Amino acid sequence: MHSSLSLSFSSSTAIPRSGHSSELSCAAPPSPLNLRFCGLRREALGFSSPKRNDSCRVIVSSRGRSKKVSASVSDNGSAPKAFDYDLVIIGAGVGGHGAALHAVEKGLKTAIIEGDVVGGTCVNRGCVPSKALLAVSGRMRELQSEHHLKALGLQVSAAGYDRQGVADHANNLASKIRNNLTNSMKALGVDILTGVGTILGPQKVKYGKVGFSENVITAKNIIIATGSVPFVPKGIEVDGKTVITSDHALKLESVPDWIAIVGSGYIGLEFSDVYTALGSEVTFIEALDQLMPGFDPEIGKLAQRVLINPRKIDYHTGVFASKITPAKDGKPVRIELIDAKTKEPKDALEVDAALIATGRAPFTNGLGLENISVVTQRGFIPVDERMRVIDADGNLVPHLYCIGDANGKMMLAHAASAQGISVVEQVTGKDHVLNHLSIPAACFTHPEISMVGLTEPQAREKAEKEGFEVSVAKTSFKANTKALAENEGEGLAKLIYRPDNGEILGVHIFGLHAADLIHEASNAIALGTRIQDIKFAVHAHPTLSEVLDELFKSAKVHAHVPSPVGEPVTV
């Protein structure tokens, strides 16, 4: 999930630290990587992986020599005598989990420290339970759309829902995935250490529960994966009942008649989909001049026409919620609005509830960063392109890495997992730089929105600086047989590319199953595949994947490629 506001982050909430991982930055050229999106692998879903007799890793010494260390998966490797572990990870969210599993595969003796619950934000208070609620909202929209059902020849009586049953569905899903993640690590021999982790110095960490004795362990390498928490701007009083964050909203303790949502990014949009499907009226409060500021403008305009305008949603843009007071003594929630530019009072709203969806703040307090001379930037831990932590003097801190929301490079759960895997590759002797422009993002509204790479304005700005041309290709879901069969023809796919060499700069999709469709484009960017190559890929008919097939085929690339008979042709 993304924030729709650029704000100064600070986190002072006294809660146990864990791997809170939610939801764009540039990186190095693309390189092949087997990404584990959302970090939920076969083991996490209850399947067993093929057993191996042993695994091998290569450690490159400072003198350039290498030695081979063998270790079995069952005993989680053998740490060098000088250290308790090869790798210690602070935070067992999706990022920490992905790093831990990959480390074991590489033969590293691994421990993960968790002060709250395994799974972090994504599993417990983010991606996973929110998808359960959105699954309900999707079914409700289908059952409530008389026009849609009639077009399919269906007749259904009035749809209703049980609020507690919906809430239980979300909670049960989170519990199941959390248990699966825990069991997957235990099965592979990862040591799960309970308590708050603090860095004492180079390669040394202490952990323990409040009020209990602390333990000190050493590790050849340490990964910080403590994630993030909801960001609440000044002047907003959260009571957890009528003024809430996404953490509270996912419990669905009530469905208010009228709820204001502060922020129209991923978090706000998804909750507007849930609340309106369940009967609420929604008012968006957005600091910028347009809704959905993080999306490609053309996609955002179409999404607003479909996701906002026809629904019981109104909005105020270009304003801040300077003060929000919870409902009390029979009085409603009061929201005072000021102009985002002039800071002059604009309006006041009285609603039944308010959801604060202004993004997330890194959870890095209490990590002991002062012990290694590291100073955060707006709460984020500074890192280089290899996730190596940078100290206050601009020097790399040896053997220390930071992944996920805590470094602020890309606040997405699967980005955290990919960063963790990249770090493990490095500490086992293989240099690896993750291309963040190849990492997709999605908003699970109905229909969905997905994207990878640059927006059109970002691409044109880059082109102007570097001196190349940008072209755009588009295809509509209205031309796709499968979408029309589902009576879901509303949608658009957009390709931003370089016509001189076929490089894919960005792909944006709004439509049925957009979140699933984006991966063909993201993998193409990750692997460096050009349009002139991917346009020859074959897609099953009739499927939604043909939307991407038509999109790539419609692009006009000036580059020459060999024809089947060896003659150059223009594609």
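Just above sits the structure.
Basis of the calculations
- Residues numbered from 1 in each chain as written.
- Predicted model: local features only at pLDDT ≥ 70, side-chain atom pairs only at ≥ 80, totals over all residues.
- Heavy atoms only, no water.
- Pairing = 2+ DSSP bridges.
- Helix = DSSP H or I, 4+ residues; strand = E, 2+ residues; numbered from the N terminus.
- Axes fitted to C-alpha atoms, helices over the stretch in contact; angles between N-to-C directions.
- Contact = heavy atoms within 4.5 Å.

**Some thoughts on the sheet that holds strand β13 (residues 313-317)**
Strand order in the open sheet made by the five strands is β10-β17-β11-β12-β13, with parallel pairing throughout. Where the open sheet ends on each side, the last strands, each with one partner, are β10 (243-245) and β13. Each adjacent strand pair in this sheet contributes to an overall mean axis angle of 20°, direction not counted. One ladder, built from five bridges, connects strand β12 (residues 281-286) with β13; its direction is parallel. Following the sheet pairing, E286 is matched in β13 by T317. Against the sheet, helix α7 (residues 266-277) makes contact with β10, β11 (258-262), β12, β13 and β17 (353-356), and its axis sits at roughly 165° relative to β12, the strand it touches most.

**With respect to the pairing of strand β8 (residues 215-224)**
Summarising the sheet, strand β3 (residues 85-90) and β8 pair through five bridges and their orientation is parallel. Bridge pairing in β8 places V88 opposite I222. For strand β7 (residues 204-208) and β8, the ladder comprises four bridges, and the chain directions are antiparallel. Bridge pairing links K206 to V216 in β8. Hairpin connection of β7 to β8: six residues between the antiparallel strands, including G211 at a positive phi of 90°. Sheet topology places β8 next to strand β20 (residues 396-402); three bridges connect them, and they run parallel. Residue pairing across strands places I223 opposite Y401, the latter belonging to β20.

**Some thoughts on unusual backbone geometry**
H446 connects to P447 through a cis peptide bond whose omega is 0°. Tracing the backbone through its elements, the reader meets P447 in the loop between β21 (441-443) and β22 (448-453). The omega angle of the peptide bond from H541 to P542 is -5°, so this bond is cis rather than trans. Its location among the elements puts P542 in the loop between α13 (531-534) and α14 (546-554). The residue D329 is not glycine, and still its phi comes out positive at about 55°. As for its position among the elements, D329 is in the loop between β14 (319-325) and β15 (333-339).

**A short note on the sheet that holds β14**
Hydrogen bonding along the main chain pairs the strands of a sheet, whether they run parallel or antiparallel. With respect to topology, three strands assemble into an open sheet ordered β14-β15-β16, the strand pairing being antiparallel. What marks the edges here is a single partner per strand, and that holds for β14 and β16 (345-351). Put simply, the sheet's adjacent strands are angled 25° from each other on average, direction ignored. Relative to β15, β14 is paired through six bridges, and the arrangement is antiparallel. Opposite A321, over in β15, you have L337 as the bridge partner.

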